[in-house]
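Results of the structural survey
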Amino acid sequence: MSILVVGTVAFDSIETPHGSADHVLGGSASYFAVAASFFSPVKIVGVIGRDFPAEYMDLFSRRGIDLEGLRRNEGATFHWRGRYHEDLNVRDTIELHLNVLSGFVPRLPESYRNAEYVFLGNIDPAMQIEVLNQLRQVRLVACDTMDHWIQGSAGELRKVLGRIEILIINDSEARLLSGEHNIVRAARAILKMGPKAVLIKRGEYGVLQFTDSSVFATPAYPLEEVFDPTGAGDSFAGGFLGQLARARDNSQGGLRRAIVYGSVVASFTVEDFGLKRLTQLSLAEIEERYRGFIELTDFHT
Ligand code: AMP
């Protein structure tokens, strides 16, 4: 079952306490697509500029990712510069250049319109709606967003929330979106905005899933060293939705297993800069760490 993703395909410049990287491949759609491609075929909707190198296109192609919906426009590719604190859960956006992304209107190729699993990655909510409007038979829509859009495009974002099943968001964004400091209250308030489930990412502390009738918690996989947290959230979403599409199982148990797969993939992403670790990863390594996760959280046998 293939998955459609809309989001940024970017140049990232990253500074962490371990070092820095300049103009490397990043973006919400890039991390999501590579992560999900271990489980299911992926189609990207997005825009790049003239400066986007063939080497990065090849990286997507090697993972079998469909690029028909990735437009190349005049201008420069979206560029984000972020700096992490000693506490890697905290980062600042130093520069954000939308470039070709400003004014971009996504047009889905015919071969994309029957997609059933959809991820509205972190991008302008107006573009997320534009994508939803072009789909014919959606089965499950998950969505991510960030402070930039919560503050700048609140009205459009509310419309998106009314049309999705799952919101995947980090804890500070959940507080900002809901106006509630307590994370349980924040989740309850967000559920009232439309989604059937809210997944709250808490960095090294793991993920909480809230529905109207349940709460599920999983830790992050304990690592001795986190090198670069960039893309952890999008890789989580990729592993999560990839597994849901692979198993075609949206039951409560299916969702929980998918959350663990998402956490496993994210734990690999943060082991190196940018997409480096994901491009060297195998499905066998993912399955092995998934089994490790079962042991890690087993307390009832
Ligand atoms: P994550 O670490 O999973 O939250 O996502 C990091 C990615 O988000 C980076 O690769 C950036 O290129 C991308 N990004 C940063 N700011 C924005 C924004 N305002 N809209 C869309 N994508 C962004």
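Our subject in this report is the structure included herewith.

Our focus in this paragraph is the packing of helix α9 (residues 252-269) against helix α11 (residues 283-297). Relative to each other, α9 and α11 sit at 115°, their axes nearing to 9 Å. The two elements α9 and α11 meet at a crossing, and its hand is right-handed. Mapping the contact onto sequence places Arg 257, Val 260, Tyr 261, Ser 263, Val 264, Val 265, Ser 267 and Phe 268 in α9 and Glu 285, Ile 286, Glu 287, Arg 289, Tyr 290 and Phe 293 in α11. Its residues assigned to classes, the contact of α9 with α11 shows eight nonpolar, two polar and four charged.

Quick look at the sheet that holds strand β4 (residues 42-48) now. Spatial ordering of the open sheet is given by β5-β4-β1-β8-β9-β10-β11-β12-β13, a layout of nine strands whose pairing is mixed. Every interior strand has two partners, whereas the edge strands, β5 (66-72) and β13 (215-218), have only one. If you compare each strand with its neighbour and ignore which way they point, the axes differ by 15° on average. Bridging between strand β12 (residues 207-211) and β13 involves four bridges; their strand directions are antiparallel. For Gln 209, the partnering residue across the bridge sits in β13 and is Phe 216.

Not every positive phi belongs to a glycine, and His 23 is a case in point at roughly 50°. Among the structural elements, His 23 can be located in strand β3 (residues 19-26). Here Asn 99, not a glycine, exhibits a phi torsion of approximately 45°, which is positive. Locating Asn 99 in the fold gives a position in the loop between β7 (91-97) and β8 (117-120).

Not every one of the 19 residues close to the ligand is listed here, only the nearest: Asp 12, Gly 27, Arg 91, Gly 231 and Asp 234. At 3.1 Å, a backbone N or O of Gly 233 approaches an oxygen atom of the ligand. Isolated, the ligand exposes 510 Å² of accessible area, and the fraction of that covered by the protein chains is 94%. Where the shell around the ligand is concerned, the elements lending two or more residues are β2 (10-16), β7, α4 (147-152) and α8 (232-247). Considering every element that reaches the shell around the ligand, the biggest residue donor is α8, with three residues. Grouping the amino acids of the shell around the ligand by side-chain chemistry returns eight nonpolar, eight polar and three charged.

Tallied over the entire structure, the rule returns nine aromatic pairs. Consider the rings of Tyr 221 and Phe 293, whose centres lie 5.9 Å apart with planes at 35°: the pair is tilted. Note that Tyr 221 is positioned in the loop between β13 and α8 and Phe 293 in helix α11, a separation of 72 residues in sequence. Phe 293 gets classed as buried once you look at its relative accessible area, which sits at 1%. An aromatic cluster of at least three residues, connected via ring pairs, comprises Phe 11, Phe 52 and Tyr 56. Between the NZ or CZ atom of Arg 63 and the centre of the ring of Phe 38, over which it lies, the distance is 3.9 Å. Directly above the aromatic system of Phe 268 lies the positively charged group of Arg 289, at a separation of 3.8 Å from the ring centroid.

In summary, soluble globular proteins display a tendency toward joint burial of nonpolar side chains. Ranked by size, the top nonpolar core spans 56 residues in total, and within it Ile 44 and Phe 240 carry the most contacts. With nine residues, α9 is the largest single contributor of residues to this core. Apart from the residues within four sequence positions on either side, Phe 240 is in contact with Ile 166, Ile 168, Leu 199, Leu 255, Ala 258, Ile 259 and Gly 262. Core analysis: the second largest hydrophobic core is formed by 47 residues, Ile 123, Leu 135, Leu 177 and Phe 273 among them.

Calculation rules
- Residues numbered from 1 in each chain as written.
- Predicted model: local features only at pLDDT ≥ 70, side-chain atom pairs only at ≥ 80, totals over all residues.
- Heavy atoms only, no water.
- Axes fitted to C-alpha atoms, helices over the stretch in contact; angles between N-to-C directions.
- Helix = DSSP H or I, 4+ residues; strand = E, 2+ residues; numbered from the N terminus.
- Left-handed = near helix turned anticlockwise from the far one by under 90°.
- Contact = heavy atoms within 4.5 Å.
- Nonpolar A, V, L, I, M, F, W, Y, C, P; charged D, E, K, R; others polar.
- Pairing = 2+ DSSP bridges.
- Near = heavy atom within 4 Å.
- Polar contact = N/O pair within 3.5 Å; in protein donor to acceptor, adjacent residues only side chain to side chain.
- Areas by Shrake-Rupley, 256 points an atom, 1.4 Å probe, with all protein chains shown as cover.
- Phe/Tyr/Trp six-rings, centres within 6.5 Å; stacked < 30°, edge-to-face > 60°.
- Buried < 20%, exposed > 50% of the residue type's maximum accessible area, 1.4 Å probe, protein only.
- Lys NZ or Arg CZ within 6 Å of the ring centre and 35° of its normal.
- Core = buried A, V, L, I, M, F, W, Y, C linked by side-chain atoms within 4.5 Å.

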